[in-house]
Every structure is written in structure tokens, then in C-alpha cells.
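Fold and geometry: a report
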Amino acid sequence: MYRSGTVMVVRQYNEELKYLERLSPSCWRIKKGFQPNMNVEGIFYVNDHLEKLMFEELRNSCRPGTIGGFLPGVKQIANVAALPGIVGKSVGLPDVHSGYGFAIGNMAAFDMDNPKAVVSPGGVGFDINCGVRLLRTNLMESDVSPIKERLAQSMFDHIPVGVGSKGIIPMTARDLEEALEMGMDWSLREGYIWAEDKEHCEEYGRMAQADPAKVSMRAKKRGLPQLGTLGAGNHYAEIQVVDEIFDKWAASKMGIEEKGQVCVMIHSGSRGFGHQVATDALVAMEKAMKRDDIETNDRQLACARIKSAEGQDYLKSMAAAANFAWVNRSSMTFLSRQAFAKQFQLSPDDLDMHVIYDVSHNIAKIEQHWVEGRLRTLLVHRKGSTRAFPPHHPLIPVDYQLTGQPVLIGGTMGTCSYVLTGTEQGMTETFGSTCHGAGRALSRAKSRRNLDYGDVLQRLQEQGISIRVASPKLVMEEAPESYKNVTDVVNTCHAAGISKKCIKLRPIAVIKG
Amino acid sequence: MFRRKLTALEYMNPDSFNVNDERNLRDLIVWLEDQKIRHYKIEDRGDLKAIDSNDWPTAYKQYLGALNCPINPNDRPAVVDWLLGLSVRFEYGDNAEKYKNETAENVTNRRQSAPKVVNTNPLDALDFQSSEFRDGVNRLAKQLNITPHPDHLITLKAISKLIRTRLSPEALQKPGDVVHQGKPYPIFESDLGFETGDYVLNNAGKALRLMYIHDLRELQTKINECIVAVQTITANPKTDTKLGKVGR
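Worth saying up front: this structure is predicted, and the values here are computed from it rather than measured.

1. Here we look at helix H16 (residues 486-496) of chain A
Residues and elements named next belong to chain A. For H16, the full list of buried residues reads Val486, Asp488, Val489, Val490, Thr492, Cys493 and Ala496. You can read the cap of H16 off the contacts: a side-chain oxygen lies 2.8 Å from the backbone nitrogen of Thr487, and it is on Asn485. Taken from the residues just after H16, Gly497 is the one with a positive phi, measuring 85°.

2. Quick notes on the pattern of salt bridges
When their charged atoms lie close together, side chains carrying opposite charge are able to pair. All names here are of chain A. A full pass over the atoms with the stated rule returns 47 salt bridges over all chains. As a salt-bridge pair, Lys18 and Glu15 come within 3.3 Å of each other at their nearest N and O atoms. Using a relative accessible area of 55% as the deciding quantity, one classes Lys18 as exposed. Of the charged contacts in the structure, one is a salt bridge between Arg136 and Asp352, with a shortest N-O distance of 2.9 Å. Of the two residues, Arg136 sits in strand E7 (residues 131-140) while Asp352 sits in the loop between helix H12 (309-344) and strand E11 (355-360), which places them 216 residues apart along the sequence.

3. What about the interface of chain A and chain B?
Interfaces are often described in size by the accessible area the parts lose on coming together. The partner chain B presents 33 residues to the 40 residues of chain A that form the contact. For the pair chain A and chain B, the summed buried surface comes to about 3100 Å²; carbon and sulfur atoms form 61% of the total. Looking only at chain A, the three residues that lose the most surface to chain B are Trp249, His392 and Leu402 of chain A, adding up to 20% of its buried area. Scanning the region where chain A abuts chain B turns up two salt bridges. Here Glu199 of chain A ties to Arg217 of chain B by a salt bridge, and the two come within 2.6 Å at their closest N and O atoms. The residue makeup of the side of chain A that touches chain B, split by class, is 20 nonpolar, 10 polar and 10 charged.

4. Re the UniProt feature "binding site: Mn(2+) 1" (unreviewed entry) in chain A
All names here are of chain A. According to UniProt, the "binding site: Mn(2+) 1" (unreviewed entry) feature falls on Asp127, Cys130 and His235. These annotated residues cover 109 residues of sequence, but their C-alpha atoms sit close together, with the largest distance between any two at 10.7 Å. Among the structural elements, Cys130 can be located in the loop between strand E6 (118-119) and E7. Mapped onto the secondary structure, His235 falls in the loop between helix H9 (217-223) and strand E8 (236-245). We classify His235 as buried; its relative accessible area is 6%. Filtering out sequence-adjacent residues up to four positions away, His235 remains in contact with Asp127, Cys130, Leu230, His267, Ser268, Gly269, Lys512 and Gly513.

5. Overview of the sheet that holds strand E13 (residues 374-383) of chain A
Residues and elements named next belong to chain A. Here seven strands make up an open sheet; going across it, the order is E1-E2-E3-E4-E5-E13-E12 and the pairing mixed. Lying at the two open borders of the sheet, with one neighbouring strand each, are strand E1 (20-24) and strand E12 (362-371). Across this sheet, the average inter-strand angle for adjacent strands is 25°, counted without regard to direction. Note that E1 and strand E2 (residues 27-30) share four bridges and pair antiparallel. When the bridges of E2 are listed, Leu20 appears paired with Ile30.

6. Focus: the side chain of Arg26 of chain B
Residues and elements named next belong to chain B. Tracing the backbone through its elements, the reader meets Arg26 in helix H2 (residues 22-37). A residue is classified by how much of its surface remains accessible, and Arg26, at 14% relative accessible area, is buried. Within polar-contact distance, the side chain of Arg26 engages the backbone oxygen of Ile51 at 2.6 Å. Every residue in contact with Arg26, bar those within four places of it in the chain, is listed here: Ile51, Ser53, Trp56 and Pro57.

7. A few points about the domain arrangement of chain B
Partitioning chain B into domains gives domain 1 (3-124), domain 2 (132-182) and domain 3 (185-236). Once you take the C-alpha centre of each, domain 1 of chain B and domain 2 of chain B turn out to be 41 Å apart.

What counts and what doesn't
Residues numbered from 1 in each chain as written. Chains lettered and ligands numbered in written order. Predicted model: local features only at pLDDT ≥ 70, side-chain atom pairs only at ≥ 80, totals over all residues. Heavy atoms only, no water. Buried < 20%, exposed > 50% of the residue type's maximum accessible area, 1.4 Å probe, protein only. Helix = DSSP H or I, 4+ residues; strand = E, 2+ residues; numbered from the N terminus. Polar contact = N/O pair within 3.5 Å; in protein donor to acceptor, adjacent residues only side chain to side chain. Salt bridge = Lys/Arg side-chain N within 4 Å of Asp/Glu carboxyl O. Contact = heavy atoms within 4.5 Å. Buried area = accessible area lost by both parts, 1.4 Å probe. Nonpolar A, V, L, I, M, F, W, Y, C, P; charged D, E, K, R; others polar. UniProt positions renumbered as here; feature names shortened; annotations may be inferred. Pairing = 2+ DSSP bridges. Axes fitted to C-alpha atoms, helices over the stretch in contact; angles between N-to-C directions. Domains from an automatic or database assignment.

Listed below in C-alpha cells is the structure:
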């Protein structure tokens, strides 16, 4: 009943439920045996509403005659728990939904010291280092409202959007090679960004193990014209205002003082470049799996031993793609600052347009974590999951040592976004990880069938949101109705204690592909 | 040639004294009379002290006469040597008890045990453990609003740090530039990251955290300054709107 290459235990829905156990109001355990060969247990976080969605998805998949599509999220979490070398638990965050191999919103850590442990491109995602960056300004909503339309147009003019868009920052093939190796250091050297931007970026905007030589020509050709473009899909640039402050002190550390303060959020990734890097790696890994006799429950969970040539090559090219994404978001930071400076006739400095933080929610990183009383070096896969380190962690910027790492949660077009902070509890329960956004509730095809783009655009207008889209006919795929409610997702993370609510933002202008 | 005697008398620049330099000579004679010989009453030293006056040679001769100096006033090296000898004699006479026990052996011993560096910093001669010094440090601390540490030398370090960072000429002129205007943060309500079970120890941990963050911030600021310095050479951001293309 499923695609070939997928191991699936066929059971009745009621039988399936015996493998799921509620641990707390916001947390469920997936016991071993739910899927074959599970090395560890699974866990997922939900609230009442999200719980219904999860179980409905599972029930639908148990119906006879169901064909194709992705496995339900719970099954995918359990299949990841069966991968070699996994440590702790396979974790599903509240925004979890089915994806390629790994569910989106699934994090899993693999033991670097176990020679059989694997790295899987499906655990990172096709949009490598897709992430969110938040800039603050010293403007208030009343300063922006009168020229909102012009400002949105100015942003739209500066930041090319959509499928096949091309950037306005001139790049040669050599520039690209350097950018892939240097990440944000390239943007700094060329003068597109400020020194403080690097300070407030995960990994300081550069993964050192990047090796452009491991990246195919095809990926580079796709990537070259796309630097400084937003892309399509769920990516966007938004002008937002602070709607609510939950943690006054932490917000103040981020330069957010009061409701109505204007921010700019950029949600984007590595465009076609990262997609090609992932595709190339999947092909190489299928061969490596045969050679090394690696068995998985799902063909989509293609992986390779971390220490193998394929594993190392993937990590090096993934790092190059991560650097690409940081340069991309940095270029858009530069362009947004230009757009604001032009409209307000003030320098970006005078507008205090500092980067609050920049998170990566599709990435694999080597980190140290305490597991069963022992400090271990792990390869942490976060796919649709955001790192959320607690206060005093050595890898977060000095400015956030007291508050914990800012976690930027982008909503969907026209809905709210949130800033959370990392907690000690998240560090122990989820390897310092939390949700990344709303998470899809309807598939793209289903959204297109069920919604009308005219209605979607009109509803945004009624809410007073200026919108600029490259392809209006695709907006229903990204309509709020197609997604889980981001507030549900965030509240679940807050209630579970794996991160803490700090700021709520609402959009007043959206630029989209 | 007079170095030893000048050093013994603690004259300011024993090495650079030049007997053939009129100015040097006059300075020395005035100093000797003021500090060591003190033959005239203070109010009668006016003529001799007027070293720029044309009448100074007369005053000089009179002075030698008053001292019953047997040397010809024009043989200046001889006069200086005689005056220095006289001063040494007076110096000895004033502290006869102290000097009479001095033997070559004593002096050699002391020289061996004492550091060879010649001290020119008057502060080095201070007795840092005297109660007078201790009280002074504590009084200063009180004035500067610094909580005294049981070890007054640590208090002194704190005082020194405060004066260097907050009371420097730049800081006093433009406090905004030097003194960082931070926002208050309820550090004692924040998460320490560990729990010792002891309230005081927890607070000490928080204070250490703050100091560490302070150092880290300083380091990060220096790193940023380096980056900005390099950017002034390398930066050349460009855009070309002709390249731009909006997708579908």
C-alpha cells in the first residue's frame, strides 16, 4: 500500500495507538516496535489542537486503499529512530508534518564517535540553511503607516522574488567560490553588512568545514544568479510591528522596548544551490548504502556513515550551501537597509537597523551535549527545527548570555511571528531544539484545490497588510488556512518548557515569491 | 667627579652635575645652603638665592667668607669639593647614631640582599602594611563609594581600576563616550544555569557570570573594531538593478 522501498507494519489504527503513550499534556512517547528496528524511542510535542491533526493523519494512513504521498509524521519520527547511531530520542516538534524522509519539524542526533552513525540529507532538507533573520528599527508603526505602500514597493524593487528571480548584486563565478567558503565573512569583506551582524548570527555566519570543491558545477550554476533573491514557496520578507512583549528584560536585550516598534523579518534559504547539493548527495548516498550495507525503513532516508567519503563530502558541501544562505540573507539585509534608508532619508545606522538574530532551521551541526551524564559529540540534524540554546551557553552571542538564544519563529503569510528564547529544559529534553514555524496542515495541491487566491489576497488587504507577490496564483499554497496555527505551535513549545515566549510580531507588509 | 658625594647627599641629578656650568654651580650652592649647611638664617639667604642677579659673585664670596672657607673662591672645583665635604660632615653629625654603626660589611650585606634596581618611584618607599596606609586606602574607598575588601591591597586595586576607567580625563570630559550606558537587568532573578543549594554561593556565581560577560563583551567589541578597520580597506558594495529579475 506504500511506495516501494518503504517498510511498513500494517496494523489497525487501534493497534497503532498502543505504541503511543501520553507523558504530559503536551508530550507523547512513541514506543519501540511502532516501526521496525527502532534504536531509540520517539517523542513529540503537541497541544490539543495539534494532537488531533497528528492522530487524524495517522488514522487516514491506516485506512485500506491509501496510496502514495508521504508517510504520516509519527511514522516518519519512528523511522528516524531506527537509523544507525541515533542517540537519545527522535524528537518531533509541535509543527511537525510529513516531509521527504524525515518529517519537517523532526530533530535527531547521531553519535560522532560511533563508526556506524549516519548523516542524512533528508534530515536537513532540500533548502539547506533555510532560516529567519530579524532586524530591528527605531521606528514606530505610526512612522511607517503613512508610507507603508511605498515602503513595501521599495522592498519589492530591491529584493527580487519568485521562481527564476535574479539578484541585483553583481557576482562573478570567483565571487561565488569565495562566498561559499567564507559565508558572512565574504559579505563583511565586501562591505554589504556590519560587524555586529556577524556577532548576532548562528555560527557567526560561517561554517568552517565548507569546501566549494565538493559542490557540483550544476549547483554553482544554479546558485550564481540567485544570490540576494528571496525565492518562492514559504519564503518572505515582512515588515512587522511588535504586537506583544512577554519577557520585557529579554526583549530589551534585543533592543525591543515597546509595542508598535517596527522590525523586518527575512525568511529565506540557499535557493536552487542548496536543492542541488541535497539532490547530488542523495544520489551518491544510495550507492554508499549498498556498499556499506545500511538498511533503513524508508528509501527516502538515504544516508551515509558520517566518517565515509560520501558522508564527509555531504557535510562539506552542506556547509557551503549554509554559507550561501547566510550570504543570501546578508545581501537581503543590505538591500532592506537601502530600501528603508531611501524612504526615510536616514542612514540605516540612524534607523538602528541592527540584526537581532539569524537562525538556521534546516541544518546539521556538530555539537556537544550531555547524554546520560556524559558529554558527547553529536551530529545534530534539525529539519524544520530551530536551535534554542539556554542562557550561558558558550555558542550564543555575548549579548544573549543572560537571556538565552533568541529563537525566531516565522509565521505564515499574514499571520504572527514570534521570538522565543532557549531554555535549560530544552537543552536536556530536545538537544536544545524547538519548533521553526507554523508547519503545513494542507498539502500544496490540496490548498490549490480548496482555496481561491483572490479571497486570500482580499483577506490580507482587509487586515491592513500591504502585499507584493510575484505569482499571485500561488498564494493559496501559502495561505494561513494551509498551515497549522503558529500560535498553537509556539504555545505548545512554551508550555512544554523547551523554549520561552519573548515577543510577538504581526506583519504590516509582505513581500513574497 | 663629585658623583659619590652628591649621591650620598641625595642631590637630584648627581650624574649630570657639571662644575664648569655656571648655572649648575649656582643651583648646587643654593641647594647645599638650603638643605644641608643652613649657615644663614632663612631670611638672610636672599642674595645667595638670587642666582640670576649680576651681584651673585659678590654674594658667593661673602658666603664663602662667612663659612671661613680656606679655598680661593675662583678655584671652583676645589670650593665645591670643600662645600660637599662640609655638608657630608653636617649630615653625619645630624645622624651620628645611625651612621656610626655602619661598617663595610654591613653595607655589602645590605647591597646583596636589596634589589639592584635603583628606585626612583617614591611610592616604592611606602610601607604598604602600615596602619596609616591601610586607613588611607579605606578612607579613599569610602569617598569613592567602593566597598572595602578585608585585604586593603585588593581595595586599592579596585580604587585604581575605578580611577583609570571612570575618572580618567576623557571619562570626566565626555562620560557618554567612555562609560557604557547599559540598561539595568534583573540579574538576580535570572537563570544561573546551575544550583548550588546555597543562596550566597548562587549570588557569587551570578556575579562571576557578569564579570565573565563583561570580559567577553570587551573582546567582542575589539573583534568588531578589527573587522571595521579591515572593512575600510576592502569594502566596496555594489548593486546593479539591471541584473535584477522578478520571478513568476
